[in-house]
Every structure is written in structure tokens, then in C-alpha cells.
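Examining the three-dimensional arrangement
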Amino acid sequence: CSCALRQAYALRAHDRKHNPDHTQGFKWMLPSHVSDLTPVIASTCDLRLQWIIMLRRNILRRKISAAANKLTTSSHVSNETHAKELRENFKPTIKTENLYESISGEHHEMLSLIEKFKHLCKGDFHVDERVHYYEDLVDAAPRAAARWDALLRQLGAAPPPG
């Protein structure tokens, strides 16, 4: 509900008044259909909140991660022993029937989300610059540090360069 978003914005404004160094931004992922998000996206743009869109380039890997999260109690491992145990015991299974259609549908949803932001933000933000891919932010990715820096600046969590 965009009412919750407006309340978060009010809290942000209050918090900034009393703690100017504290920042708050929003990370967008695809929890539901893009059409369901229209009021929230519109409020995000109207209130000029800081935001980014996080996507996965490899949709099949995202599906495997989602399957892993359903089988485990947490999407993040607590220590190296826990990680080793999960690697040894977790054998993901993905239904292959309609897999191509499913991946194509998710790709279309990703593009629709970006287009929805472009339409609702009416050029106030450079939407394409706010789209980040998980694979570009992992430690092994080339220029990962620079991408993290850009992401944190867009969320208002890092000072501008210079």
C-alpha cells in the first residue's frame, strides 16, 4: 500500500531532522506482478524517495536460489559449517516443463518493471542508471567496488564523489 510508503517517508523526514547523517532508500525486487506495484511505484516517484532496482541477469539461477530458500530456514548462511552442510545436502530440482515460458515471463516482468518506473517517474530519475544486477555486485565481478559505490550513492548512503 502506498500509505505505508508515505508513512516511511514521514519517518525518514523526521529522522533526517534529528540525525542528518542517517539515510534511507528502497531496493526494488520483483515480489509480485508489476501491475500490482503501480501505486507504490507512483508514490516512490512522487515523494522523490531514493530507490534502486535489483535484478538477476541469470533468471534460472534466481529460480534455483528461490528453491533453496524454500528448503532452508534462511536465505543467508550463518557460518562456513552451515554453508558446507547446505552445499553437500541441497540438491535443487527445477521443473523443466514450461521452463522456457516461465523464464521468458520473468524476463518480461523485469522489463515491465523498468518501463513502469520510466513512465511513472516521468524523467525525474535516470531509471536505467538505477537498475543494478546482482551478478555485477558480487566480489568476483569486474568493477564490483565501483558499482557498489554508485548503488550506495543512489540510495543516499554514500557521499557524492569529489
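Read on for an overview of the structure. (Residues numbered from 1 in each chain as written. Predicted model: local features only at pLDDT ≥ 70, side-chain atom pairs only at ≥ 80, totals over all residues. Heavy atoms only, no water.)

**Here we look at the overall build of the protein**
- Counting its regular elements, the protein contains seven helices and three strands.
- Sorting the 162 residues of the protein into buried and exposed places 31% on the buried side.
- Contacts in the protein between residues far apart in sequence, at least 24 positions, make up 71% of those at least 6 positions apart.
- For the protein, the exposed area adds up to about 11100 Å²; of that, 55% sits on carbon and sulfur atoms. (Helix = DSSP H or I, 4+ residues; strand = E, 2+ residues; numbered from the N terminus. Buried < 20%, exposed > 50% of the residue type's maximum accessible area, 1.4 Å probe, protein only. Contact = heavy atoms within 4.5 Å. Areas by Shrake-Rupley, 256 points an atom, 1.4 Å probe, with all protein chains shown as cover.)

**Considering the nonpolar core**
- Core analysis: the biggest nonpolar cluster contains 17 residues, and Ile41, Trp51, Ile53, Leu55 and Phe117 have the highest contact counts within it.
- Of all the elements in the fold, those that place two or more residues in this core are α2 (38-46), β2 (51-55), α5 (99-121) and β3 (131-133). (Core = buried A, V, L, I, M, F, W, Y, C linked by side-chain atoms within 4.5 Å.)

**Regarding the state of the cysteines**
- Under the definition given, this model contains one disulfide.
- Between cysteine 45 and cysteine 121 runs a disulfide, and the two sulfur atoms are separated by 1.9 Å. When the S-S torsion is -45°, as for the bridge of cysteine 45 with cysteine 121, the disulfide is left-handed. Of this pair, cysteine 45 sits in helix α2 while cysteine 121 sits in helix α5, placing them 76 residues apart in sequence. Like cysteine 121, cysteine 45 is buried. (Disulfide = S-S within 2.5 Å.)

**So, the pairing of β2**
- Of all five residues making up β2, five are buried, and the element is well covered by its neighbours.
- The alternating pattern of β2 places Trp51, Ile53 and Leu55 on one face and Ile52 and Met54 on the opposite face, and all of these are buried.
- For β2 and β3, the ladder comprises three bridges, and the chain directions are parallel. If you follow methionine 54 over to β3, its bridge partner there is histidine 132. (Pairing = 2+ DSSP bridges.)

**Some details on α2**
- All of the buried residues in α2 are Val40, Ile41, Ser43, Thr44 and Cys45.
- One or two positions beyond α2, positive phi appears at arginine 48, with a value near 55°.

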